[in-house]
Amino acid sequence: MAQKSTETALALKIQATPGIFDTPTLPADFLRVANLRPQISSVTIDNPEYTGSVARNAPDVTGKTFTMAFNILMRPPGGSGVPGANEYLPGRVLQACKFTEIRNTVAIPEAPEAVGAGSTTTKAVLGASASAVAQTYKGFPLWLSDNGTGLKRQTTVIVDYDANKGASLAETLGAPPAADYQILPFLGYYRSVDASDPPMLSMQVWYGGNRYDLVDVQVTGLRIPVNTSTKTQGSYPAWEVTVSATIHASAAEASPAVTPGGTTPTFKDGDQWLAGKAVGGASFTIDMGIQSEDPPNPNQPDGSDPSEIVSSTARMSMQRQFYSKDVFDTLGMADAQQQHPFWAQWGYGSGTIIGVVVPQARFDFPNPDLGGALVNETGDLMIDAFDRSVGIYFPY
Amino acid sequence: MPDTVFPPLPSGSVDFGQLHEAAMKGEVTQADVDKATTRPQPREAERVATIPTPDFRYEAKAGGWHEITGPGLNEPFRTQDRAKAAKKWDEVTGEALPEFTALADVPPPSGDDA
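Residues numbered from 1 in each chain as written. Chains lettered and ligands numbered in written order. Predicted model: local features only at pLDDT ≥ 70, side-chain atom pairs only at ≥ 80, totals over all residues. Heavy atoms only, no water.

## Some thoughts on the interface of chain B and chain A
In this assembly, 39 residues from chain B lie in contact with 50 residues from chain A. Of the roughly 3200 Å² buried where chain B meets chain A, counting both sides, 53% is carbon and sulfur surface. Here chain B is connected to chain A by 0 salt bridges. Across the contact surface, chain B and chain A share 16 residue pairs in polar contact (both at pLDDT 80 or more). Taken together, the elements giving at least two residues each to the side of chain B that touches chain A come down to β1 (12-15), α1 (16-24), β4 (57-61) and β5 (65-69) of chain B. Taken together, the residues of the side of chain B that touches chain A sort by class into 16 nonpolar, 11 polar and 12 charged. Pairing of strand β4 (residues 99-104) of chain A with β1(B), which is carried by 4 bridges, proceeds in the parallel orientation. In the sheet register, Glu101(A) faces β1(B), and the bridge partner there is Ser13(B). (Contact = heavy atoms within 4.5 Å. Buried area = accessible area lost by both parts, 1.4 Å probe. Salt bridge = Lys/Arg side-chain N within 4 Å of Asp/Glu carboxyl O. Polar contact = N/O pair within 3.5 Å; in protein donor to acceptor, adjacent residues only side chain to side chain. Helix = DSSP H or I, 4+ residues; strand = E, 2+ residues; numbered from the N terminus. Nonpolar A, V, L, I, M, F, W, Y, C, P; charged D, E, K, R; others polar. Pairing = 2+ DSSP bridges.)

Okay, structure coming up:
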């Protein structure tokens, strides 16, 4: 019988020590993935020796590199409360990509509290139970009781927080908040800009009737494409991941069964705000722009230490509706090179809402697109290396 | 007096409740961040013993792994079963896998001073 592509599975664990494989615990550590694309590339050296004829010896095969790409559907953790540390499996991949996992298990404050005086449609002043340390809540979901109906509508996001407890928002509210607020319990992943090394992963992957144990798995690429689901076309938001690894062991072993993971919310009936305006558009994609290197080390069997991230330059591309300049002047904002927030949020209810926030980004010059029946524009947003400059959160 | 600013967060998993307690006291220090962050803890030394030969290399690694590398092996032979490792070592070198438990018991590589 031929091997089937669908008979594929992947499990992963955060690896404690470089070079030492940590066996995933099954079935708890199964990560549901799609479009798995393993690639083994040969490393060769051309043999320069003369042979006394025009014929030359073929290159020496001296090694191999193992890389693998796969997609993870952006499915929130669900459940009734914030998961434990490292329990959310896609979060292990995000941590390996230099994101910090933030777990806020209890709302702040525990009971809703009245907002302070001086709030506006773009800034909520928090009350006595809030911190006076600047940027404490940057990138965090904020619940405002008078911001519409239902958890999703009432939840907005903080893009800047000052020492006077002023929480600047990514959206422009219909009216200044005048009732209660809470920083919601949430699980979040935020880009970390300190010098600590991200963790490595150990993976087991089954395909083609074999099991491969991968050690020192390092994320070498992360893209987050989010396409709008329209009346006529649906699309899954996803994390597109590329990793490099060393094959630690392999065995002939059929793929185990992976149970269904539940519904993945699509990007509609939500929010997409850029520079304080709700903008329409077909898609946005965040690319973490990762570069990695393999440190040379002849003490290792393959001559290299595990691959390491050496650089990450994030940017976001958007395909959005074109607006007249008196409504939304993207050309002018590209000229001015000021920082503006981006925020997207969609989903259903507690534990099944997804938020993506870029608190500060600069406009690159947009390109108008008149190729279709509608006028659109494509344009990048430049994301500087501020702390929490890219965030993904799941409020409860 | 300048505003106190929340420090950048490191790699790992952070319990924000702990950091918020510190923030409510007026300052979040690096020690607070370290205390609230869960990071992977290295288990033990990476390599506990090595036997090199002219062609093949045996390594007893942390976690109970036995690894044999050398010519003719497409990829390193790895197992957590010592009997299997001994059998493989006998196949490729014609020698018995010596018993040792610590680095001090491992013979020095040929060509090195004892």
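Still more ground to cover, so stick around.
## Details of the pattern of salt bridges
Under the definition given, this model contains 16 salt bridges over all chains. Here Arg153(A) ties to Asp271(A) by a salt bridge, and the two come within 3.8 Å at their closest N and O atoms. Remark: Asp271(A) occurs in strand β15 (residues 271-274) and Arg153(A) occurs in helix α2 (residues 151-154); sequence separation between them is 118 residues. For Arg153(A), a relative accessible area of 33% translates into the label partly exposed. In this structure, Glu91(B) and Lys88(B) form a salt bridge, with 3.8 Å as the shortest nitrogen-oxygen distance. Within this pair, Glu91(B) and its partner Lys88(B) are both found in helix α3 (residues 82-93), separated by 3 residues, close to a single helical turn. (Buried < 20%, exposed > 50% of the residue type's maximum accessible area, 1.4 Å probe, protein only.)

## Remarks on the sheet that holds strand β8 (residues 155-161) of chain A
All names here are of chain A. The sheet built from 6 strands is open, its strands ordered β5-β10-β7-β8-β9-β6 with antiparallel pairing. On the outer flanks of this sheet lie β5 (108-114) and β6 (123-125), each paired with one strand and no other. Recorded for the sheet is a direction-independent mean angle of 35 degrees between the axes of neighbouring strands. As paired strands, strand β7 (residues 141-144) and strand β10 (residues 180-183) are joined by 3 bridges and run antiparallel to one another. For Leu-142, the partnering residue across the bridge sits in β10 and is Ile-183. (Axes fitted to C-alpha atoms, helices over the stretch in contact; angles between N-to-C directions.)

## Some thoughts on the nonpolar core
Residue and element names in this part refer to chain A. Among the nonpolar cores identified, the biggest contains 64 residues, and Met-68, Phe-70, Met-203, Leu-214, Leu-222, Trp-239 and Phe-284 are the most heavily contacted of them. The dominant element in this core, judged by the number of residues it contributes, is strand β13 (residues 210-227), at 7 residues. Contacts of Phe-284, omitting those with residues within four sequence positions, involve Ile-224, Pro-225, Val-226, Phe-267, Gln-272, Met-316, Ser-317, Met-318, Phe-342, Ala-344 and Val-356. Counting 37 residues, the second-largest nonpolar core is a separate cluster that includes Ile-102, Leu-169, Ala-170 and Trp-343. (Core = buried A, V, L, I, M, F, W, Y, C linked by side-chain atoms within 4.5 Å.)

## Re the domain arrangement of chain A
All names here are of chain A. The domain boundaries assigned to chain A delineate domain 1 (64-101 + 192-199 + 220-245 + 261-395) and domain 2 (112-184). Taking only C-alpha atoms into account, the centre of domain 1 sits 24 Å from that of domain 2. Taken together, the contact between domain 1 and domain 2 spans 22 residues of the former and 18 residues of the latter. Carbon and sulfur atoms supply 58% of the area buried between domain 1 and domain 2, which totals about 1600 Å² over both sides. Contact with domain 2 buries surface across domain 1, with Trp-273, Trp-343 and Arg-388 losing the most and accounting together for 31% of the total. Inspection of the region where domain 1 meets domain 2 yields 3 salt bridges. Measuring nitrogen to oxygen at the nearest pair gives 2.8 Å for the salt bridge that ties Asp-269 to Arg-153. Run the count over domain 1 and domain 2 and you get 12 residue pairs in polar contact (both at pLDDT 80 or more). (Domains from an automatic or database assignment.)

## Some remarks on the pairing of β10(A)
Judged from the 3 bridges that link them, β5(A) and β10(A) form a sheet pairing that is antiparallel. Counterpart to Glu113(A) in the pairing with β10(A) is Tyr181(A).

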